[in-house]
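Observations on chain architecture
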Amino acid sequence: MLRKLSFRSRLLFTFWGVLLLALLLPSLYYRQILSADIEADTRANAIGELNSVFWLASREQPFKSTASLQEWCKALGDQLGIRITFVARDGKVIADSKVAFPRVSAMDNHANRPEIIQAYKKELGTSSRYSKTLGRHLIYAARRIDERGVIPSGVIRVAVPFSEVRKRLDHLSKNLILIFVLTFSATIFLSYLLVRQLEIPIQRMIRAAEAIESGDYRERIRRYPGREFSPLAQAINQMAERIELHIKTITGQKQQLEAILNGMSEGVMVLDSNGKIKTTNRALAKIIPSLPASIGRRPLEVIRSHELQQACDQILAGGHAGESQPFKLEISLDMGLIFDVNIVQFRDMEATIGAIVVFHDISELKRLEKVRQDFVANVSHELRTPLTSIKGYAETLLVEGDESSDSNRDFLQIILKHANHMSNMVDDLLQLARLEARQKLPEPAAVDAIAVLNSAWKACGALAKEKEVRLENFLPEEGVQVRADSEQLEQVFRNLLENAMKYGQSGCTVSVLCDVGPEVATFQVLDDGPGIPKQYQLRIFERFFRAEKDRPNSDGSTGLGLAICRHIIQNYGGKIWLESPPPGKTEGSAFYFTLPIVLEES
Amino acid sequence: MKIRKRFGQELEDLKIEVLRMAALTERSLGKSFRALFEHNSDLAEEVITEDQEIDLLEVDIDKRCLRLFALEQPMARDLRFIIGCMRVCTNLERIADQAVNISERALYLNQRPALPHQPLMEQLATTSMAMLKGALSAFNDGQTSQASEVCQMDDRADELNLQILKHFIDYIIADAKSADLAVNTIIISRCLERCADLATNIAEAVVFIVEGVEIKHYCEP
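Throughout, a residue's number is its position along its own chain's written sequence, starting from 1. Chains and ligands are labelled by the order in which they are written, letters from A for the one and numbers from 1 for the other. Since the coordinates come from a predicted model, pLDDT governs what is reported: local features require at least 70, and pairs of side-chain atoms require 80 or more to be given and counted, while whole-chain, interface and lining totals use all residues.

Focus on the nonpolar core
Residues enter a nonpolar core if they are buried, belong to Ala, Val, Leu, Ile, Met, Phe, Trp, Tyr or Cys, and are joined to the set through C-beta atoms within 7 Å. Here a residue counts as buried when 20 or more other C-beta atoms sit within 10 Å of its C-beta, as exposed when there are 12 or fewer, and as partly exposed otherwise, the C-beta atoms being derived from the backbone. Grouped together as the largest cluster of nonpolar side chains are 66 residues, with contacts concentrated most on C85(B), A135(B), A199(B), A203(B) and V206(B). A run of DSSP states H or I qualifies as a helix once it reaches four residues; a run of E qualifies as a strand once it reaches two. Both are numbered from the N-terminal end. Within the residue set of this core, elements represented by two or more residues are α1 (2-37), α2 (41-72), α3 (76-111), α4 (119-141), α5 (144-174) and α6 (179-211) of chain B. Considering each element in turn, this core owes the most residues, 16 residues, to α6(B). Contact partners of A199(B), with chain neighbours within four places excluded, come to S128(B), M131(B), L132(B), A135(B) and V150(B). In this structure, V482(A), L489(A), A521(A) and L560(A) belong to the second largest nonpolar core, which totals 44 residues. Throughout, a pair of residues is in contact if the C-beta atoms placed from their backbones lie within 7 Å.

As for the sheet that holds strand β2 (residues 93-96) of chain A
Consider a sheet: its strands pair through backbone hydrogen bonds, and that pairing is either parallel or antiparallel. Residue and element names in this part refer to chain A. If DSSP finds at least two bridges between two strands, the strands pair. Across the sheet, 5 strands lie side by side as β2-β1-β5-β4-β3; this open sheet has antiparallel pairing. Both edges of this open sheet fall to β2 and β3 (124-131), since each of them pairs with a single strand only. The mean inter-strand angle of the sheet, taken between neighbouring strand axes irrespective of direction, is 25°. Strand direction decides the pairing type here: β3 and strand β4 (residues 136-145), joined by 8 bridges, are antiparallel. The residue of β4 that forms the bridge with T126 is A141. Whenever a helix is involved, its axis is fitted only over the stretch in contact; in every case the axis is a line through C-alpha atoms, and angles between N-to-C directions fall within 0 to 180 degrees. Contacts between helix α2 (residues 66-80) and the sheet are confined to β1 (83-88) and β2, with β2 contributing the most and set at about 40° to the helix. Across the sheet, helix α4 (residues 114-122) lies against β1, β3, β4 and β5 (154-161), angled at about 175° from β3, the strand it touches most.

What to know about the interface of chain A and chain B
In this complex, chain A contributes 7 residues to the contact, which on the side of chain B involves 8 residues. At the level of secondary structure, the elements contributing two or more residues to the side of chain A that touches chain B comprise α8 (299-302) and α9 (306-316) of chain A. For the side of chain A that touches chain B, the per-class residue count stands at 1 nonpolar, 3 polar and 3 charged. Asp, Glu, Lys and Arg are counted as charged, while Ala, Val, Leu, Ile, Met, Phe, Trp, Tyr, Cys and Pro are counted as nonpolar; the rest, among them Gly, fall into the polar class.

Structural notes on the pairing of strand β6 (residues 267-271) of chain A
All names here are of chain A. Side chains G267, M269 and L271 project from β6 onto a buried face, and the interleaved V268 and V270 project onto a face without burial. Note: β6 against strand β10 (residues 353-361), 5 bridges, orientation antiparallel. Bridged to V270 within β10 is I356. In terms of strand pairing, β6 meets strand β7 (residues 277-280) through 3 bridges, oriented antiparallel.

Focus: the packing of α3(B) against α6(B)
Residues and elements named next belong to chain B. α6 packs onto α3 with a crossing angle of 170° between their chain directions and a minimal axis gap of 9 Å. Looking at the two axes, α3 sits roughly antiparallel to α6. Note on packing geometry: the crossing formed by α3 with α6 is left-handed. Per-class residue counts for the contact of α3 with α6 are 17 nonpolar, 6 polar and 5 charged. Any angle that is under 35 degrees is reported as roughly parallel, and any over 145 degrees as roughly antiparallel; angles of 65 to 115 degrees are reported as roughly perpendicular and all others as oblique. Should the near helix be turned anticlockwise from the far one by less than a right angle, the crossing is termed left-handed; should it be turned clockwise, right-handed.

Topic: unusual backbone geometry
Positive phi outside glycine occurs at E468(A), with the angle close to 55°. Relative to the helices and strands, E468(A) is located in the loop between α13 (461-467) and β12 (470-473). Take E468(A): there are 11 C-beta atoms within 10 Å of it, and that puts it in the exposed class. Even without a glycine there, the phi angle at H39(B) is positive, about 55°. Summarising the element assignment, H39(B) is placed in the loop between α1 and α2.

Description of helix α15 (residues 561-571) of chain A
Of all the 11 residues making up α15(A), 9 are buried; the element is thus mostly covered by neighbouring parts of the structure. Within α15(A), the full set of buried residues consists of G561(A), L562(A), A563(A), I564(A), C565(A), R566(A), H567(A), I568(A) and I569(A).

Remarks on the sheet that holds strand β17 (residues 589-596) of chain A
Residue and element names in this part refer to chain A. Taken in spatial order, the 5 strands make up an open sheet running β12-β14-β15-β17-β16, and their pairing is mixed. Each having just a single partner strand, β12 and β16 (576-579) make up the two edges of the open sheet. Neighbour-to-neighbour, the strand axes of this sheet turn through a mean angle of 20°, independent of strand direction. The strands touched by helix α14 (residues 486-503) are β14 (509-516), β15 (520-527) and β17; relative to β15, the strand with the most contacts, the crossing angle is about 25°.

Things to note about the confidence of the model for chain B
In predicted models, pLDDT denotes the confidence assigned by the predictor to each residue on a 0 to 100 scale. Summary statistics for chain B give a mean pLDDT of 85 and a share of 96% for residues scoring 70 or more. Quick note on the complex model: pTM equals 0.59, ipTM equals 0.77.

Some thoughts on the pairing of β17(A)
Residues and elements named next belong to chain A. Burial of β17 is extensive: 7 of the 8 residues sit out of reach of the surface. Here β15 runs beside β17; their pairing, made up of 8 bridges, is antiparallel. Note on β17: the bridge partner recorded for V525 is F591. The pairing of β16 with β17 spans 4 bridges and is antiparallel.

Side note on the environment of L107(B)
Residue and element names in this part refer to chain B. Note that L107 resides in helix α3. Along the backbone, L107 and E45 are 62 residues apart, and their C-alpha atoms lie at a distance of 8.1 Å. In this structure L107 touches S41 and A44, once residues within four positions along its chain are discounted.

Pasting the structure below:
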């Protein structure tokens, strides 16, 4: 119970308890001793009186009657201020100084009074008692007396009033109580002051600790109530110091992070594990005008994009494999804004998942790309008409201009050849533009790769004959069913085969292999030509890129073949790459591409 | 307490689902406009295929609402919110259907020689799109002021529709051979006007959710 009280009350109560004990015990003891002393003194006094009465009685002439004894007793009792009683052996009162003679015989039998019993036993008996006869507290002393005259043998007893002594004792007690009360109140007051004095520095210490708790880390405890408190105060001070340091570090880091975040040109949004926006940066305000109100809301409530919300949900549900890999998507918003959005999953210290969403504005990039695509498509289209005219007139002149000289014919041949080349180039460019413009394709039908490869081989038959190239077809005989448009796939095969033949030596072999996986088929076109230097391997799929810059453009190649291949394969969700030299060989190159196969159940 | 908390979460999820549907519908309508004005048949095809997703979402939201009614016995604002969500999603589904209608007409028109530039049609499309956007952001933010604005814009849409009708009646009288183009355009204009009406309905549902006042058919709270 004491534990529930405050420190101050506990101290006070203990103090008071100790004080009470310290004051009460001695005074009680003192009073006891005093009263015992006084009683003993009175008793001795009474015995003295008794002895003198006894002596007087033995010196007196023997009494003639009990009445004269009574008179003597009364006279002596009045003189001495005491009560004298003669009690016979049988306990009958014979004379009493304080009782009128006629009533003496009517008094109680005194045989069983303790002092009288004692007197018979030991000659002298004392006791202190309240006398009913006199209505006072008295001390009795009794002594045996022998038979003398009319007086039978019995006991002579004196009674000394106790009240005088008691009065003194009571007075003393009153004084004692008064002193007790005064001392007690004075010490209570003093102890209260003392405890308060103790409490004030503790309070100050508590206030300092509270200030630290509420964030005032510069506060220190400088004065403490006692040496015992110094380790506590030091511990608190050190704690505050350390917290101050930590806070400074954390604040510094936070400010740095915020500066980085706000300095970024990309919009950043941090989601908590419930998918609600926790933090945003300044750049995001350009995307979302109502940004300040967006904290605590879901992305969909702020940016009306179904895909973004779906991606965030997926990431937060842990559905995206590879935590470190960002999830990429593209969203387009109102007013032609297009964003490249990266979503990264992260775990904080409590291992809850959150997500960081980064918005990269690619509207301008997209616009420029569109402009470029449109430009290429338009230019190609516009070039076509004049080219057709040039080709037409050159052909007509070649056929009909029989008067012209041989050199003129040669010139016309050159014009026609280049016009044809240019026309091929324009066709390829247009096709490329079409492939680029078409982002999504409807689900393509299934085609058999073998049939497509055969027709592609037939299409480049002229070149094959000229260079005496053989085709080795390693495709599985039961056929490979892939999802692609047969015309486009044929073009891919044709471009790859033509490349292999053009760059290979005469009489070489071109092999086509296929490796069917669970979802995709990987095709391989292998040649034993000179191969492609490492530094060009990544760039070879760019349009108009040539590995050999100084190579004369005499073979009628447009420089767009591989770019077209890449676009076609990418449009079907495949990949195209090359290895040169192919694994396990020292020369030649291998072109690989993948296509989704037709699954059994579909 | 836990149950209440879960209920709050359910309501939040419901709102997200409705917003998801709203995003899809808004995009669908935008695409149908582009299919029409930019003569892009690919986009029109996309709108027609995407409509199924919106239909499925509507069914899903309906189920959600029914479950909430049955299990949670919502009261006051929660009850209004769920009823409001049901109304919003019914209207969104109809708007998506109108987007499909517009796309189908656009597919037909794109095969024919283009009509001259139609500023009135574009204005009507812009107005109904603005109304849809306004109604949806009113729903998102719980703003009745924006909702009332949408209600007031409806008059403008009606007026534009009427002007287009008159214009194309004159056009048919002048050039009977291209009557099919004119009729199709009138149908599209009617679809656009319907979109505006449905957007108004959404705005009214928002007022119902926020203030508990029914302002159907008279547009004044």
